[in-house]
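Below are the chains, spelled out letter by letter.
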Amino acid sequence: MAYEDNGAYEGDDPGPYWHDQLENAAKVFEKWERRGHKIVKRYRDERDAVEMPRMKFNILWSNIQVLMPSLYGRQAKPEVSRRYMDQDPVGRLASTMLERVIEYETTQFNDFDSSMVNAVQDRLLPGRGTVWIRYEPVIVGQPEVENELSEAEEPQLSNAEEGGESIDAAHSPVDYVYWSDFVHSPARTWDEVWWVARAVYMTKEEGVERFGDVFKNVGMTSQNTDDDSANQMTVKTSFERKAKVFEIWNKRTLKVCWVAKGYPQSLDERDDPLELEGFFPCPRPLMATTTTGTMIPIPDFCEYEDQAQELDNLTQRIYMLTKACKVVGVFNAEFKELGRLFTEGIDNKMFPVTSWAAMSEKGGLKGAIDMMDTSQIVMTLQQLYAAREAVKQSIYEIMGISDILRGASKAQETLGAQQLKANFGSLRLRSSQGDVARFASDIFKLKAQVICKFYPPELIVEMSGVMSTPDGQDPQMLQAAIQMLSNSTIRDFHIAVEADSLAQIDEQAEKQGAQEAIQTIGLFLREAIPMVAQAPETLPMASEMLLFLVRRFRAGRGLESAVERAMKALQDKADQAKQQPPAPNPEQMKLQAQGQTEQMKMQAQSQSDQMRMQAEAQMAQAQAQLDMQMQQAKTQAEMQLAQMKAEFETVKQQNEMQIKAREMAGREEYDRWKAELDAATKVLVAQIGAKAGLDQAAMSAQMAASEEIDSTLGDGMSEAINRLADMHGQTLGQISGVMQAISAPKRIIRGPDGRAAGVEIAV
């Protein structure tokens, strides 16, 4: 059998062709699937017998628990509106009906919300999540049959009936597809993908009911035969034997084919059953890190897998050291009573010792017991805890998970710092949040196409509940809206999901939006009503401006119909007023003119009073805001001044302490030098006196005079010289020579040890 490049095949049976395509795609994604199973196992903390004793820090589980509510914290709500915000009552009613039907299905049934949760979890763990859209009608007189495959035999039914049997109810389920059960053609981008497939598991009875007797030849297995069997959770946990059936959608031939693993022929092949604009019954999957060269995603855990392993190693070491850090020791076996101190010891309990004298001789309790020193273990544990916190911080920086997202904060942080971290954390997640919102919007678009094509008109009206609205009570408008839904395409409507509506961050967003809409509309009416009263010809312009404003608020879309009716009533009243009445008599004209004059005066006075009150209110508000700003500035200035004073006092005290320390050091250095100089001077005086022939008494007197001269710094030098001359009877010339020698420049002679050994006169 030969195969063509456009996806077609030669021969009667496409089964072998699609088995080859599935096998080639499985080889391309084999490495990614093994990695995904490993990550899921790590998230679930599944361990084998070898890993059981090992301690781990499951940072992956913690990160996923933080990211899940940030990406999909609450059920998405569809927003269906007209493509262009112009005056189109029929389009407004049609979009309202479509939005209500989609919202009814997403809230009435749990398939959408559970599929979204599972798909987002697959996006965060293995890196890819997707869902599948089906059409499931309920025919009157037939029981509802739930099939795991797309109901290919049902969508070709008309909107009302088929073969005389009418459709009593309908549903477009959103099926979750396990991440390894979804296969597509290998490509670089999603636009290049030309076939998609998903695997489902069917029992023998289900397969025969769906495909007929041909399914009896399909082999049943109770477990997966692949190397990585973790993707067959349904098969593993079930005692029933099931077959793995692939549902393949070929975009090139616009056909759907079913093949079973282990069975070479195809089970069934049909034309496009849903006739979707994009053909595929699934949106573009939620993908982790990808590039333009391949659609094989890189899971987020791979970006910090090394740091997670380091975190596990540190946790294991902390665990081992914590086990080793305990109160243990030894005691002298002679005193057996000591062994009961830690096993039986309680508060205020004494233990008798029989050999107290021997124990006292050996140093008492300290000499009989010796405890293990755990100080080094404690220090090591402190370092390990610090290292683990550093590794955790590195992981949070890689993932962009701030303290605010984790609910952790510091008391000393300011409000501005916390807001900055919150904004930065939301900025890192904004891309992923937008991708999840895009994924939900694509699902709603697929459901909208199924609803418009296959749901009966009476069922759409019943599910939307528009009969209780003013627009729905108009039969012509209702019929036109139903006709628009039946004949239009998805391009006629704008279907979107806001990313902020998916996160559990601001629960008051809807209330704030409604309040903002009411305040804005009320402010416009206060300004527009006096203008229209003075110039009735401005009513059409004011009406269009008001409708333009209302349409821009999602909360105000429910008021659009009421505003249009009110504006139409005003316009009709103005048109009636323009009609010329019968000509009144002059007296009536005079009275009417006087009345109009009085009315205009009253209106002018009322407008003047209103403007004055508004001006006074605005001035009071501005004054209050100014006072608040001045008070805030004053408080901030006082806080800054107090902080500057505290810093100045701290610097001043530090400078004073430094100055005192330097003065003390200088005084000590000066006293040491002075003492050394005095000692050297005394030695020199003794030497000079001996050379001059002075006796011991004269030398003593000379040294005393020298000390007195030095202490008085020359003030009493003459008196000391005269006293010295009277005591020894020496001549004034000899003493003058001695004093000259004393006052001459000297140099201290130091010994080997650095101490002063003498003084010599400098030449």
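Predicted model only: the values in this text are computed from it and were never measured.

A. Here's a closer look at the overall build of the protein. Broken down by element type, the protein carries 21 helices and 19 strands. Burial analysis of the protein (763 residues in total) assigns 37% to the buried set. Looking at the protein alone, contacts between residues at least 24 apart form 71% of all its contacts between residues at least 6 apart. Split by element, the accessible area of the protein, about 45,000 Å² in all, is 54% carbon and sulfur.

B. Summary view of unusual backbone geometry. Here aspartate 45, not a glycine, exhibits a phi torsion of approximately 60°, which is positive. The residue aspartate 45 is located in the loop between helix 2 (30-44) and helix 3 (59-71) in this model. Located in the positive-phi region is glutamate 275, a residue other than glycine, with phi close to 55°. Looking at the element boundaries, glutamate 275 is found in the loop between strand 11 (266-271) and strand 12 (286-287).

C. Molecular detail of the packing of aromatic side chains. Under the counting rule described, the total for this entry stands at 17 aromatic pairs. Seen in terms of ring centroids, tryptophan 132 and tryptophan 249 are 6.5 Å apart; in terms of plane orientation they differ by 70°. Their pairing is edge-to-face. Placement of tryptophan 132 in strand 2 (residues 128-133) and of tryptophan 249 in strand 9 (residues 243-250) is noted, with a sequence separation of 117 residues between them. Of the two residues, tryptophan 132 and tryptophan 249, both sit in the buried class. Judged by centre distance (6.2 Å) and plane angle (40°), the rings of tyrosine 135 and tyrosine 455 are tilted. Highlighted residues: tyrosine 135 in the loop between strand 2 and strand 3 (136-139) and tyrosine 455 in the loop between helix 12 (415-454) and helix 13 (457-464), separated in sequence by 320 residues. Looking at tyrosine 455, the relative accessible area reads 1%, which means it is buried. Put simply, the rings of Trp132, Trp190, Trp249, Phe279 and Phe280 pair up and form one aromatic cluster. When the ring centre of tryptophan 258 is taken as reference, the NZ or CZ atom of arginine 210 above it lies at 4.7 Å. Its guanidinium or amino end placed over the ring of phenylalanine 280, lysine 251 lies 5.3 Å from that ring's centre, counting from NZ or CZ.

D. Region of interest: the sheet that holds strand 8 (residues 195-202). Ordered by their spatial adjacency, five strands build an open sheet running 7-8-9-10-11, and the pairing between neighbours is antiparallel. For this open sheet the edge positions go to strand 7 (182-184) and strand 11, each flanked by a neighbour on one side alone. This sheet shows a mean twist of 20° between the axes of neighbouring strands, independent of strand direction. Sheet topology places strand 10 (residues 255-260) next to strand 11; five bridges connect them, and they run antiparallel. Of the residues in strand 11, the one forming a bridge with valine 256 is arginine 270.

E. Fine view of the sheet that holds strand 12. The strand order across the open sheet formed by three strands is 6-2-12, and the pairing between neighbours is antiparallel. At either margin of the open sheet sits one strand with a lone partner, and together these are strand 6 (174-177) and strand 12. In this structure, strand 2 lies alongside strand 6, joined through four bridges in antiparallel fashion. Pairing of tryptophan 132 across the sheet is with aspartate 175, part of strand 6. Sheet contacts for helix 5 (residues 111-124): strand 2, strand 6 and strand 12; angle to strand 6, the most-contacted strand, approximately 25°.

F. Looking closely at the environment of alanine 288. Mapping alanine 288 onto the fold places it in the loop between strand 12 and strand 13 (289-291). For alanine 288, a relative accessible area of 9% corresponds to the buried category. Along the backbone, alanine 288 and proline 126 are 162 residues apart, and their C-alpha atoms lie at a distance of 8.3 Å. Contacts of alanine 288, omitting those with residues within four sequence positions, involve Arg123, Gly127, Pro297, Ile298, Pro299 and Asp300.

G. Examining the pairing of strand 2 more closely. For strand 2, the tally of buried residues reaches six of six residues, placing the bulk of the element in the interior. Sheet analysis places strand 2 next to strand 12, joined by two bridges and oriented antiparallel. Looking at the pairing, arginine 128 lines up with methionine 287 of strand 12.

H. Local environment of the nonpolar core. Grouped together as the largest cluster of nonpolar side chains are 97 residues, with contacts concentrated most on Met97, Leu98 and Tyr455. Ranked by residue count, the leading element in this core is helix 12, at twelve residues. Among all residues touching leucine 98, those that are not within four sequence positions of it are Val80, Ala448, Ile451, Cys452, Leu485, Phe493 and Ile495. Counting residues in hydrophobic clusters, the runner-up holds 14 residues, among them Trp18, Trp194, Ile248 and Cys257.

I. Broad picture of the pattern of salt bridges. Within the structure shown, the criterion is met by 21 salt bridges. Measuring nitrogen to oxygen at the nearest pair gives 3.6 Å for the salt bridge that ties aspartate 213 to lysine 216. Neither aspartate 213 nor lysine 216 differs from the other in exposure class; each is exposed.

J. Here's a closer look at the packing of helix 3 against helix 5. Running from N to C, helix 3 and helix 5 point in directions that differ by 130°, and their axes come no closer than 10 Å. It follows that helix 3 is oblique to helix 5 by the angle criterion. Like other packed secondary-structure pairs, helix 3 and helix 5 cross with a definite hand, here right-handed. Along the contact surface, helix 3 presents Ile64, Leu67, Met68 and Leu71, while helix 5 presents Val117, Val120, Gln121 and Leu124. Partitioned by chemical class, the residues of the contact of helix 3 with helix 5 number seven nonpolar, one polar and no charged.

K. Expanded view of helix 14 (residues 475-487). In this model helix 14 runs 18 Å from its N-terminal to its C-terminal C-alpha over 13 residues, within 8% of the 18 Å that 1.5 Å per residue would give. Within helix 14, the full set of buried residues consists of Met477, Leu478, Ala481, Ile482 and Leu485. For helix 14, the arc enclosing every buried residue in end-on projection is 135°, short of the 170-degree limit, so these residues lie on one face. Every exposed residue of helix 14 that faces more than 90 degrees away from the buried side is listed here: Pro475, Gln476 and Asn487.

L. Representation of helix 13. Turning to helix 13, its buried residues number three or more, namely Leu459, Ile460, Val461, Met463 and Ser464. At the C-terminal side of helix 13, glycine 465 shows a positive phi close to 70°.

M. Local environment of the environment of alanine 25. Relative to the helices and strands, alanine 25 is located in helix 1 (residues 15-28). Along the sequence, alanine 25 and histidine 184 sit 159 residues apart, while their C-alpha atoms lie 7.1 Å from each other. Not counting residues within four places of it along the chain, the set of residues in contact with alanine 25 comprises Val183, His184, Pro186 and Trp195.

N. A look at the packing of helix 4 (residues 89-108) against helix 13. At a minimum axis distance of 8 Å, the contact between helix 4 and helix 13 shows a crossing angle of 75°. Comparing their axes, helix 13 and helix 4 come out roughly perpendicular. Two secondary-structure elements touch here, helix 4 through Met97, Arg100, Val101, Tyr104 and Glu105 and helix 13 through Ile460, Val461, Met463 and Ser464. In the contact of helix 4 with helix 13, the residues fall into six nonpolar, one polar and two charged.

O. Spotlight on a nonpolar patch on the surface. Together, Met55, Tyr319 and Met320 give the surface a local cluster of nonpolar side chains, amounting to about 250 Å² of exposed area. The class for methionine 320 is partly exposed, based on a relative accessible area of 44%.

The rules behind each value
Residues numbered from 1 in each chain as written. Predicted model: local features only at pLDDT ≥ 70, side-chain atom pairs only at ≥ 80, totals over all residues. Heavy atoms only, no water. Helix = DSSP H or I, 4+ residues; strand = E, 2+ residues; numbered from the N terminus. Buried < 20%, exposed > 50% of the residue type's maximum accessible area, 1.4 Å probe, protein only. Contact = heavy atoms within 4.5 Å. Areas by Shrake-Rupley, 256 points an atom, 1.4 Å probe, with all protein chains shown as cover. Phe/Tyr/Trp six-rings, centres within 6.5 Å; stacked < 30°, edge-to-face > 60°. Lys NZ or Arg CZ within 6 Å of the ring centre and 35° of its normal. Pairing = 2+ DSSP bridges. Axes fitted to C-alpha atoms, helices over the stretch in contact; angles between N-to-C directions. Core = buried A, V, L, I, M, F, W, Y, C linked by side-chain atoms within 4.5 Å. Salt bridge = Lys/Arg side-chain N within 4 Å of Asp/Glu carboxyl O. Parallel < 35°, antiparallel > 145°, perpendicular 65-115°, else oblique. Left-handed = near helix turned anticlockwise from the far one by under 90°. Nonpolar A, V, L, I, M, F, W, Y, C, P; charged D, E, K, R; others polar. Expected span 1.5 Å × (residues − 1). Arc of directions from axis to C-beta. Patch = residues over 30% accessible without salt bridge, like charges linked within 9 Å, V, L, I, M, F, W, Y side chains within 5 Å.

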